[in-house]
Amino acid sequence: MKDKETMTNASGPISRRRFLTGAVALASLPLLSAIWPRTALAQAISEALPQFTALRQAQQGILTGAHWGAFEAIVQEGRMVSVKPVQDDPFPNELINMVPHQVHAPNRIKYPMVRKGWLEGGPLNGKPELRGQDEWVQVSWDKALTLVSEQIARLQKEHGPQSIYGGSYGWKSVGILHNSRTLLHRLLNLSGGFVNYAGDYSTGAAQVIMSHVVGSMEVYEQQTTWPNVIENTELVILWGCNPSVTLKNSWNIPDHEGQSGFAALKQKGTRIISVDPVNSDSTRELNAQWIAPRPYTDSAMIIGLAHTLLAEKLHDPDFLKTYTVGFDKFADYLKGNEDGVVKDASWAAAICGIEAEAIRTLARDMAKHRTLIMGGWGIQRQHHGEQPHWLLVTLAAMLGQIGLPGGGFGFSYHYSSGGSPTARGGILAGISAGSAPKNGPASIPVARIADCLANPGKTINFNGSKVTYPDVKMVYVAGGNTFHQHQDTNNLIKAWQRPETIVVNEPYWTATAKYADIVLPATTSYERNDLEMGGDYSQLYVFPMHQCVPPQHEARNDYDIFAGLAEKLGVLEGYSEGKDEMQWLKGMYDNMKEQARNARVALPPFDMFWASNNYIRFPIPKENKQWIRFADFRENPLLNPLGTPSGKIEIYSDAVAKMDYADCRGLPGWLPPQEWYQSPLADKYPLSLNTAHPINRLHSQLDNTPLREKYAVADREAIWIHPEDANARKITDGDLVRAFNDRGQIMVGAVVTERVRPGVVRISEGAWFDPADPAVPGSICKNGNVNCLTFDIGSSSLAQGNCGQMAQLDIEKYHGPALVNTAHAVPVGA
């Protein structure tokens, strides 16, 4: 632009004031795609935009996005009818085709609803035992907001902030303004405080132990970039991950560059080995060698590899001496100098079920080649889940390739396209949760919430400190689905009966909503305006999320819901800062635009950007395409120390050792889990559970869409069974199966396949909980929610992560009465 007030196109100057007047009017129209091609203003904008080379033109519909991709929505007569991926998406995700079904789903929550027992008895006599089975009563928005705000105010006054749990953990919709979790916490901080949570279900164990081992969470860090990996890596080890499935989605809007990286490896012929009890989609699609250890024995197998490197002098002593601390202690452990047990490949083979010579061969191959270990997160969602990741870092350190091109380890190649080169531009910053009041209650490890609700006053260990559970009187969930995320569902139901009031903001009648007292209908992200980054690690895109259709029924957007509560609580000024939706978005965009200007990337004014229906793609500097994780540390560990006490990789952690936890010592090693194939429980329940990420969902999201037709068997979640295990129980393909243990039972549909090793069954997580009789504890789940079978203990006293990927169980052909799946039905009164 020549100056701040005038733009020039082929036809002459355009007054900035005149342009903005028209642009704002255009942006306010509800059906942007319907009028866009026919406006003279559109042509004026398109002719003015070429100077902004970072802008990318929409082709057909209204630009927006989701966890599964950016797309253009096609709207006709006020209904979304189809979608089209944006032109830059290298691997469009078919899940975007379910967006119209999301908007117009039959089980949308249409109105504010209150459970009948709670409405009649109030919080102190609300019959919490009827949660999940009571009738619902429609109320006005004003009545609903009054009921919720009255409970927040009463509990703050009578019991303090420790009585309210802001339990909104989950994969909330994308969008930096309508971030339901942040908005809830913003409201509660302004109104007196609340009990927060620490960690997450995805990486609860690994993120804590990695901070002690390498000085950062590591699981959410940028990786050595894909161009460097493709050029230099000779051997890729996929350890417990399935990127072909998990890279389809991301926390922000995905750039899907990870799929391009794996496709390039395959085309080049790079050798790939997949270590997984299941022959995953990635194993098959990448032509990878499949090594299938017994479930939950990864630590033993890694130790066997480490012993081989040590015994055959294939390790790198110079790297270990310069960049690590504690290897001498680990070497003593491998040799059995203290316990008399030599942890060699034969020892490992007896535990993990992989032949000793195969373990030795793998160790030799890793030492011989430039090797990159790509570790998944499932192996740490287990009892003693801290150990596998700690051991994988130790193994990579023994190979001595950390910080070299194409070598070392990485824990996010399977998530949100870690390794996608970082762009140069600006970063959108969302709305702030504000500051918690001083001396507020301690955060609870997120996976311990059922234990917290059931046992107020109990004290647990957590990462070197003590946490005492508060007496939680109110739970508020927004943007989460606790009845999907949490383990041992039947135990959760008991704990869920203790709070006086449970409030849920939600678009759909999920199990979490059905087990609430007050439900507030929230819009989907396609019924409001927002902004979001594209590419969690690359920060490659900025996408406008235009409102595509009006709010359905009486749904309100997240910002407005909490603004209504803030007004009732007398904190509206602090909550809104006097801004509405579009003013917040303009401020966020302007801050990002200033960063981009400093990075020499020109962006148009917000009103022009918003009206143009374009998105932004930032440039990627050449040097960023060859970025190597830990390269600076390797070059000079004194000037570039890690965030550990020693500044080095801590194979032995003195800090952890001083915590004196029997279930997580100062040195990594093999600790038998509570349940596995050699535990006494295996006599009763001989099959080991593998819980996978679903192929056609994002966790529990989209379970209520027609994609079910692709994966449901007999209208239930599928269970993969090895032919040997199926034949022994007279189960055939397509049969209804009862999977069970002492914690619960679920109905699933049989898929008999050799893609799982004998003794293993695979059930994807995310099926909506649907008990046959909610009044009967332990009633069979008709939809196959696997968390009815998993156990609810902390991974260890260190991290208190969840153990959601393991359980022992048995199966049998279902012979009970015919049961209709009602997981996606609307409850009585709604």
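Along each chain, residues carry numbers from 1 onward, in the same order as the chain's sequence is written. For this predicted model, a pLDDT threshold of at least 70 governs which residues receive local features, and a threshold of 80 or more governs which side-chain atom pairs are given and counted, while totals over whole chains, interfaces and linings are taken from all residues. Neither water nor hydrogens contribute to the side-chain values; these are computed over all heavy atoms in the structure.

Kindly report on the overall build of the chain, identifying the contributing residues and their values.
When you go through the chain residue by residue, the secondary structure sums to 30 helices and 32 strands. Between the two quantities, the radius of gyration covers C-alpha atoms and the globule rule is 2.2 Å times the number of residues to the power 0.38. Whereas a compact globule of 830 residues would reach a radius of gyration of roughly 28 Å, the chain reaches 27 Å, a difference of no more than 12%. Dimensions of the chain, computed from the C-alpha atoms along their principal axes, are close to 80 × 65 × 55 Å. Exposed residues in this analysis have more than 50% of their type's maximum accessible area, buried residues have under 20%, and partly exposed residues fall in between, with area computed by a 1.4 Å probe over protein chains only. Each of the 830 residues in the chain was classed as buried or not, and the buried ones make up 63%. Residues count as neighbours in contact if any of their non-hydrogen atoms are within 4.5 Å of one another. Partitioning the contacts of the chain with sequence separation of at least 6, the portion at a separation of at least 24 is 76%. Summed over its atoms, the accessible surface of the chain is roughly 29,700 Å², and 49% of this surface lies on carbon and sulfur atoms. Under the DSSP-based scheme used, a helix requires at least four consecutive residues in state H or I and a strand at least two consecutive residues in state E, with every element numbered from the N terminus. For accessible areas, the Shrake-Rupley method is used with a probe of radius 1.4 Å. Any residue's cover is judged against the shown protein chains and nothing else.

Describe the pairing of strand β29 (residues 736-741), with residues and values.
Of all 6 residues in β29, 5 are buried; the element is thus mostly enclosed. DSSP-based pairing: two strands are paired if at least 2 bridges between them are found. Bridge count between β29 and strand β30 (residues 744-752): 6 bridges; the pairing is antiparallel. The partner of Asn741 across the bridge, within β30, is Gly744. The loop that links β29 with its antiparallel partner β30 comprises 2 residues.

Report on the environment of His824, specifying residues and quantitative values.
Within the secondary structure, His824 is located in the segment after β32 (808-813). What makes His824 partly exposed here is its relative accessible area of 22%. Between the C-alpha atoms of His824 and Thr705, which are 119 residues apart in sequence, the distance is 9.4 Å. In contact with His824, other than residues within four places in its own chain, are Asn107, Asp703, Asn704, Arg708, Trp768 and Asn783. Among the polar contacts made by the side chain of His824, one reaches the side chain of Asp703 at a distance of 2.8 Å. Two N or O atoms form a polar contact when they lie within 3.5 Å of each other; inside protein one atom must be a possible hydrogen donor and the other a possible acceptor, and for residues adjacent in sequence the pair counts only when both atoms belong to side chains.

Lay out unusual backbone geometry with the relevant residues and their values.
Phi is positive for Asp660, close to 60°, though the residue is something other than glycine. Note on Asp660: relative accessible area 68%, which makes it exposed. Backbone geometry places Gln800, a non-glycine residue, at a positive phi of 55°. Within the secondary structure, Gln800 sits in the loop between β31 (760-764) and β32.

How would you sum up helix α17 (residues 356-368)? Please name residues and give values.
Between its first and last C-alpha atoms α17 spans 19 Å; for 13 residues at 1.5 Å apiece the expected length is 18 Å, and the two agree. Those residues of α17 that fall on the buried side of the exposure criterion are Ala356, Ile359, Leu362, Ala363, Asp365 and Met366. Any helix carries an expected span of 1.5 Å times its number of residues minus one.

Requested: an account of the sheet that holds strand β11 (residues 235-239), with residues and values cited.
Taken together, 5 strands build an open sheet; the order of strands is β13-β12-β11-β15-β16 and the sheet is parallel. Two strands bound the open sheet, and with one partner strand each, they are β13 (289-291) and β16 (408-410). Ignoring strand direction, the axes of neighbouring strands in this sheet form an average angle of 20°. Relative to strand β12 (residues 271-275), β11 is paired through 5 bridges, and the arrangement is parallel. Residue pairing for β12: Ile237 is matched across the bridge by Ile273. The angle between two axes is taken between their N-to-C directions and runs from 0 to 180 degrees, where each axis is a line fitted to C-alpha atoms and a helix contributes only its stretch in contact.

Explain the nonpolar core to me, using residue names and the numbers behind them.
Within the largest apolar cluster, 154 residues are counted, with the highest numbers of intra-cluster contacts made by Phe330 and Ile811. The dominant element in this core, judged by the number of residues it contributes, is helix α18 (residues 386-399), at 9 residues. Non-local contacts of Phe330, meaning those with residues more than four positions away in its chain, are made with Ala306, Leu391, Thr394, Met398, Ile651, Leu667 and Pro668. Grouping buried Ala, Val, Leu, Ile, Met, Phe, Trp, Tyr and Cys residues that are joined through side-chain atoms within 4.5 Å yields what is termed a nonpolar core. Judged by nonpolar contacts, the second largest core, of 67 residues, contains Ala144, Met533, Tyr541 and Trp584.

An account of the sheet that holds strand β24 (residues 541-545) is requested, with residue identities and associated values reported.
Pairing is antiparallel in the open sheet, where 4 strands are placed in the order β3-β25-β24-β23. For this open sheet the edge positions go to β3 (55-57) and β23 (530-534), each flanked by a neighbour on one side alone. Each strand of the sheet is rotated relative to its neighbour by a mean of 30°, with strand direction disregarded. By the bridge criterion, 3 bridges tie β3 to strand β25 (residues 614-617) in an arrangement that is antiparallel. Note on β25: the bridge partner recorded for Gln57 is Asn614. In the packing of helix α25 (residues 581-598) onto the sheet, contacts are made with β23, β24 and β25, and the angle to β23 comes to roughly 30°.

Outline the pattern of salt bridges, supporting the account with residue identities and numerical values.
Just to be clear on terms, a salt bridge is a Lys or Arg side-chain nitrogen sitting within 4 Å of an Asp or Glu carboxyl oxygen. Within the structure shown, the criterion is met by 38 salt bridges. For Glu527, the salt bridge identified is with Arg108, shortest N-O distance 2.9 Å. Separated by 419 residues along the polypeptide, Glu527 in the loop between β22 (518-521) and β23 and Arg108 in the loop between α4 (99-103) and β7 (113-115) bring together distant segments of the chain. Here Glu527 falls in the buried class, since its relative accessible area comes to 2%. In this structure, Arg629 engages Glu218 in a salt bridge whose closest nitrogen and oxygen atoms are separated by 2.7 Å. With Arg629 in the loop between β25 and α27 (631-635) and Glu218 in the loop between α8 (204-213) and α9 (226-232), this pair connects stretches of sequence that are 411 residues apart. Looking at Glu218, the relative accessible area reads 0%, which means it is buried. Each of the salt bridges in this network shares a partner with another, and the network as a whole consists of Arg697, Asp703, Arg708, Asp715 and Glu717.

Tell me about the side chain of Asn490, and name the residues and values.
Of note, Asn490 is situated in helix α21 (residues 489-496). Once residues within four sequence positions are removed from consideration, Asn490 is found in contact with Arg743, Gly744, Gly778 and Cys788.

Outline the packing of α8 against α18, listing residues and values.
For any two helices packed against each other, one specifies the crossing angle of their axes together with the interaxial distance. At a minimum axis separation of 8 Å, α8 and α18 run at an interaxial angle of 40°. By the criterion of interaxial angle, the relationship of α8 to α18 is oblique. Handedness of the α8/α18 crossing: right-handed. In this structure, α8 contributes Ala205, Ala206, Ile209, Met210 and Val213 to the contact, and α18 contributes Glu386, His389, Trp390 and Val393. As a working rule, the residues Ala, Val, Leu, Ile, Met, Phe, Trp, Tyr, Cys and Pro are called nonpolar, Asp, Glu, Lys and Arg charged, and the rest polar, with Gly in that last group. Its residues assigned to classes, the contact of α8 with α18 comprises 7 nonpolar, 1 polar and 1 charged. Working rule for angles: under 35 degrees goes down as roughly parallel, over 145 as roughly antiparallel, 65 to 115 as roughly perpendicular, anything else as oblique. Note on convention: near helix rotated counterclockwise from far helix by under a right angle means a left-handed crossing. Clockwise means right-handed.

An account of α25 is requested, with residue identities and associated values reported.
With 18 residues, α25 should cover 26 Å at 1.5 Å per step; its first-to-last C-alpha distance of 27 Å lies within 8% of that length. Within α25, burial applies to Glu581, Trp584, Leu585, Met588, Tyr589, Met592 and Ala596. Projected onto a plane normal to the axis of α25, the buried residues spread over an arc of 125° and lie on a single side. Exposed residues pointing more than 90 degrees away from the buried face of α25 are listed as Asn591, Arg597 and Asn598. Where α25 terminates, the next one or two residues include Arg600, which has phi positive at roughly 65°. This arc corresponds to the set of directions leading from the helix axis out to the C-beta atoms.

How would you explain the pairing of β31 if you had to name every residue and give the values?
In terms of burial, β31 is a largely internal element, 5 of the 5 residues being buried. Residues Val760, Arg762 and Ser764 point to one face of β31 and Val761 and Ile763 to the other, with burial holding for every one of them. Pairing analysis gives 5 bridges linking strand β27 (residues 687-692) to β31, with the strands arranged parallel. Among the inter-strand pairings, Ser688 is bridged to a residue of β31, identified as Val760.

Hey, could you go over the packing of helix α13 (residues 298-311) against helix α15 (residues 327-335) for me, with residue numbers and the actual values?
Between α13 and α15, the shortest axis-to-axis distance is 10 Å and the interhelical angle comes to 105°. Judged by the angle between their axes, α13 and α15 are roughly perpendicular. Along the contact surface, α13 presents Ile303, Ala306, His307 and Leu310, while α15 presents Phe327, Phe330, Ala331, Tyr333, Leu334 and Lys335.

Residue-level account of the side chain of Thr64, with values.
Secondary-structure assignment places Thr64 in strand β4 (residues 62-66). Aside from chain neighbours lying at most four places away, what touches Thr64 is Ala70, Phe71, Ser525, Tyr526, Pro544, Met545, His546 and Cys548.

A description of the confidence of the model for the chain should follow, citing residues and the corresponding values.
pLDDT is defined as a per-residue confidence score from the predictor, taking values between 0 and 100. Of all residues in the chain, 94% have pLDDT values of 70 or greater, and the mean over the chain is 94. Long-range and interchain partners of residues 1-38, a stretch whose pLDDT sits below 50, account for 59 contacts in this model, where long-range means more than four residues apart.

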